Structure formats: structure tokens, C-alpha cells
Amino acid sequence: TDESRLSSVFCEKSQRLIDVQSFALAARYYSLSNLGLCTPLEELLEALRGERQERNGIKTDEFMNNKKSHEVQVMSELIDSIGSYYGIKQVIDIGSGKGYLSSFLSMHYNLKVYGIDSSNTNTHGAHERNRKLKKHWRVYESRARANLQSRKSEKVDDRTVKTEIKCESNTDEKPLNNNSSLQSQDQVTTQDSGVFTEIATSETSKQTEINLVAQTQSDENKLSENVLDVVNVLPADAVDIFPSSRCDCGELSEEEKARRKMASLQAKASKSSESNLYLPLTSYITAETELSDIITDLEDSIMVGLHTCGDLAPNTLRIFTAKPEIKAVCSVGCCYHLLSEQYENQEDCAEEVWGFPMCQYLKDEGWCCGRNARMSACLALERVAVGQMLPTESLFYRAVLQVIIEENYGVTKSDRHVGKVFSKSSSFLDYVRKSLKKLDLDDSQLSDSCIMDYYEKYKDRMNELEAFNMLKVVLAPCIEVLILLDRLCYLKEQDNIAWSGLVKLFDPVRSPRCYGVIALKKQSCP
């Protein structure tokens with residue numbers, strides 16, 4: 001039972017940890033990977049695709065880092081499968097950032113994507129990224145053509161060799177046993193006469209030529225489609241789609257010039273109604289956001305969020321359940337420490353919308369994690385397990401800084417944040433002074449010797465701090481399970497959802513927040 005599993009971990013009187021091994025085993029038992037609650041990604045993709053074939057993938061590591069490339073490749077394939085299942089071409093990317101996922105969905109999967117982010121800087125970054133795609137487009141196009149030509153050559157060589165081998169085997173072929181179940185009409189014919197062999201060889205060569213021509217045309221058509229896909233994600237003036245049609249304008253009549261100008265304007269105007277577009281928008285999203293105010297041509301859509309921060313992940317799920325146009329959702333959250341909690345300060349405000357808890361069961365229980373637990377949920381056990389250790393020294397600096405602030409300034413809580421001061425500091429003394437200034441505290445109150453006395457006092461406890469943080473890492477998956485199951489249970493409580501589940505999308509070493517909350521609405525009868 002749960003009680004017996006934990007009884008040997010903590011002292012009954014003091015509630016202190018007494019058995020580290022049992023603690024680690026109990027934590028592993030309650031991790032999401034051990035509980036068997038996840039739906040395998042491949043099973044979900046297979047169910048969504050049915051008889052449809054998987055699309056050919058495009059490598060994205062040329063314009064994204066390894067982590068982002070991995071995330072975008074996996075998530076975009078799933079979103080495309082959901083879109084094909086429902087017959088949906090519109091995607092709403094919440095917290096889209098600089099548009100890595102949005103632009104790839106538009107470019108490779110021919111989807112119309114609205115990327116919504118609260119930061120105007122990120123929206124500008126998305127436009128800037130499109131500008132860079134424009135700059136490097138010619139090189140990218142040339143490389144794609146070179147790769148296609150290389151594949152054609154390999155296919156020609158491979159088929160020529162196969163044809164020669166088949167011809168040689170046909171001329172030396174011995175009569176087949178009449179009982180053989182592998183006999184074919186062609187094989188029986190070629191054994192009787194050299195004439196039949198020559199005819200068969202000639203027909204094979206002709207068929208090979210026909211197949212090669214058809215394959216070449218097919219490959220060129222695919223390349224043309226890919227080229228247009230990428231062009232359409234760029235700004236309207238980014239690329240001349242039909243450079244071969246250029247000629248000396250002086251040779252054209254005025255009527256022809258006017259006709260071509262009108263055709264060009266019509267082509268640009270029609271772009272707004274095409275499916276394969278990416279439109280970055282700036283807006284702050286809450287659970288009450290009215291999407292139709294932001295997206296004027298809102299239609300049946302898939303709502304996605306790749307590492308939506310804090311309350312944005314649960315609000316994404318709330319919008320999904322409330323808006324009939326949103327037929328599916330795929331949400332991967334992050335930054336659990338920024339979640340708002342209904343019962344953290346023992347305040348029951350029914351009118352407010354909170355990040356945690358979402359489901360009715362935990363609301364009835366008045367469940368609370370607390371900031372420290374949510375901070376722990378952000379840690380990456382799998383990374384630590386492969387040797388990517390925690391930044392012990394920076395954590396030690398931060399812990400001692402907190403003692404200094406409490407004892408000398410009487411501050412226990414602050415809305416200000418130290419941020420990434422450690423990486424910009426040359427020593428502990430430099431770290432403290434920079435941090436105090438950032439927190440708007442007068443560092444002249446403390447002498448250098450006073451600050452260093454704190455360092456000397458606590459430096460021998462650095463190993464103790466490291467051990468404590470390792471215990472937090474071990475416990476992290478259990479806290480993450482609670483947060484994710486709360487979101488899943490919320491979806492299970494809704495009447496309009498056909499299926500919902502947790503799916504492990506990413507490699508947790510490359511992307512620690514690797515679980516997606518996915519749900520599909522019931523399809524209405526025509």
C-alpha cells in the first residue's frame with residue numbers, strides 16, 4: 001500500500017527523512033513513466049493516420065538548434081496528423097515565441113498558422129526570422145535541387161544494375177519445378193527460348209525508361225510543391241516565384257504590361273486566403289480571451305502550445321474546452337513555478353481563474369503544492385542521470401545571498417528577481433553587490449569583509465546543499481505528475497471531448513518538459 005511504502009522513509013515522530021534509498025524508490029514508483037498512464041506516441045499517430053502514409057521529413061537543424069529542431073519535428077508531425085484526421089487547415093499557436101513551430105507547420109505541412117505571443121519583441125523576432133529565410137532562400141533552393149539530382153542519379157544507377165542482373169539471371173535460368181509456388185508467368189516464358197528472353201529484356205528496358213521518366217516528373221513536382229510551400233511562408237516580396245518568366249519590359253506592349261501588373265496584384269491579394277501562411281500576432285491570452293477578436297477569419301482549428309509558460313498552459317486547455325471552433329489541443333507546458341495556485345495563500349476566491357488546481361477533485365480537496373514544490377518540478381532528473389549536474393556553486397551563492405538579505409535588510413519576500421547575475425560575476429563578492437543593486441538595496445551598508453564572512457561561514461555546507469538539491473531532483477517527476485494529471489482530469493470532466501491523454505513527445509534529456517496534454521473533441525454529425 002501507499003502508507004507501507006512510505007512508512008520507512010520518514011521518522012514518525014520528527015517526520016525527517018531517514019531512508020534515502022526508500023525515498024528514491026518511492027519517488028520512482030510515482031513517476032509518470034512508471035505509472036503506465038501515458039499513451040505511446042506511435043499508437044496515437046497510427047490511430048490518426050489510418051491508411052494515410054507518413055510524409056517525408058525535412059531536416060530543420062539548419063535553422064534551429066538541436067533541442068528546438070527535435071521538438072518542432074515531433075510536434076509538427078502530430079499536429080499534421082490531427083489536422084488530416086479532422087480535415088482542418090488552421091492552427092493557432094499559443095505562446096508562439098519567435099515562430100519556430102508556426103513557420104515549420106506552415107512551410108512544410110501547408111497549414112494556415114496564427115502565432116499569438118504576448119511579447120511584441122517575440123513577434124518582431126518571428127518577422128525577422130522570415131527575413132532571414134528570405135536572405136538564405138536561394139542557397140536553400142539550390143541545395144534542395146542538388147540533393148534531388150543526387151537521388152535521381154542513385155535511382156538510375158540502382159535500376160540499371162538491377163536490370164542487368166535480371167537479364168543475366170534470365171538467360172541462365174533452369175526449368176522450374178511445376179510444384180513451385182513461386183513460379184510466375186514471366187519466369188515460365190523466359191526458360192523456353194532466347195527470343196522470349198530478348199523480348200522480355202527489351203520490354204523491361206522500355207518499362208524502366210517509362211518508370212524513370214514518371215519518377216523524375218514526380219520528384220520535380222514534389223520539389224515544386226516544396227518550393228511553393230516555403231515561398232508562401234515568406235513575405236509577399238521575398239522571392240520571385242517565376243524568375244524564368246522575366247523579359248525585357250521594353251519589348252512588351254503597354255496592354256501586356258498592364259495585364260501582367262494586374263495579374264501580379266491579384267496573385268498577392270489571393271495570398272491572404274491561401275492555407276500555407278504564417279501570421280504572427282501580439283496579444284495577451286487569458287482563459288477569457290475571445291479568439292474571434294484576434295483572428296477575424298476564425299474557423300475549425302487546432303490549438304497548440306509548445307512550452308507555454310505558467311498559467312498559459314492551463315488557460316490553453318480552458319479556451320479549447322470553451323470554444324466550439326477549437327477541435328483539438330496539443331499543449332506542452334513549462335515553468336511550473338510561475339503557476340498561480342488557488343489555495344497557496346489559503347484564499348478561496350471562486351471568481352478567479354487559477355493555474356492550479358484545474359480539476360474538481362483537487363479543488364474539493366483544497367490541494368496546494370506551494371512554490372518550492374513547483375520549483376522542484378522544473379528540475380530535469382534525466383539530465384542529471386546522464387551526468388549533466390546541477391549548478392551547485394550558483395545555487396550556493398543564491399542561498400547565502402538570501403541569508404544576507406534577510407539578516408541585514410529584513411526582506412523575506414520581493415517582487416524583484418536576481419536573474420542571471422552569477423554568469424556575469426567574477427566572484428562571490430561581485431555577485432552579492434550586483435544582486436543587491438538589482439534588488440534596489442543599498443549595498444554600501446555592507447563592507448567587503450562582512451560579505452566574505454558569510455561566505456566563509458557557509459562554504460563547508462556546500463556539499464549539504466548539493467545533497468538537498470539532489471533529493472529535490474529525485475522528487476521532481478512526482479510533482480510534475482500531479483500537475484499533469486490535474487490537467488488531464490480536468491479534460492476528462494468535460495462532456496464534449498472524445499479522447500484525451502498524456503503523451504511523451506520528446507527525449508527528456510534534450511527536452512526535459514517532454515509530456516504533451518492532448519485532447520480531441522467529439523465530431524458533430526453532418
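By the naming in an unreviewed UniProt entry, the protein chain is MET25 protein, taken from Nothocercus nigrocapillus.

Some thoughts on helix α19 (residues 462–492)
An ideal rise of 1.5 Å per residue puts 45 Å on 31 residues; α19 measures up with 45 Å between its terminal C-alpha atoms. Its maximal kink placed at L475, α19 deviates by approximately 40°, while the proline P477 follows within four residues.

Thoughts on the pairing of strand β4 (residues 301–309)
Across the nine residues that make up β4, a large majority, eight, are buried. Pairing between strand β1 (residues 90–94) and β4: four bridges, direction parallel. Residue pairing across strands places V91 opposite I302, the latter belonging to β4. Note: β4 against strand β5 (residues 326–334), eight bridges, orientation parallel. Bridging across to β5, L306 finds its partner in V332. A crossover connection joins β4 to the parallel β5 through helix α12 (residues 312–322); in handedness this β-α-β unit is right-handed.

With respect to the state of the cysteines
The term disulfide refers to a covalent linkage connecting the sulfur atoms of a pair of cysteines. Counted by the stated rule, this structure contains zero disulfides. Free cysteine: C369, not disulfide-bonded; nearest cysteine sulfur from C368 at 6.6 Å. What makes C369 buried here is its relative accessible area of 19%.

Here's the deal with the packing of aromatic side chains
This model, assessed by the stated rule, comprises 10 aromatic pairs. Where F104 meets Y109, the ring centres are 6.1 Å apart and the plane angle is 80°; that geometry is what we call edge-to-face. Across the pair, Y109 and F104 agree in class, each one buried. Where F422 meets Y431, the ring centres are 6.5 Å apart and the plane angle is 70°; that geometry is what we call edge-to-face. In textbook terms, an aromatic cluster arises when at least three aromatic residues are bridged by ring pairs, as seen for F396, Y397, F422, F428, Y431 and Y455. The ring of F320 carries the charged tip of K521 above its face, separated from the ring centre by 4.9 Å.

Basis of the calculations
- Residues numbered from 1 in each chain as written.
- Predicted model: local features only at pLDDT ≥ 70, side-chain atom pairs only at ≥ 80, totals over all residues.
- Heavy atoms only, no water.
- Helix = DSSP H or I, 4+ residues; strand = E, 2+ residues; numbered from the N terminus.
- Expected span 1.5 Å × (residues − 1).
- Bend = angle between axes of the 7 residues up to and from the residue.
- Buried < 20%, exposed > 50% of the residue type's maximum accessible area, 1.4 Å probe, protein only.
- Pairing = 2+ DSSP bridges.
- Right-handed = clockwise from strand over helix to strand, strands pointing away.
- Disulfide = S-S within 2.5 Å.
- Phe/Tyr/Trp six-rings, centres within 6.5 Å; stacked < 30°, edge-to-face > 60°.
- Lys NZ or Arg CZ within 6 Å of the ring centre and 35° of its normal.

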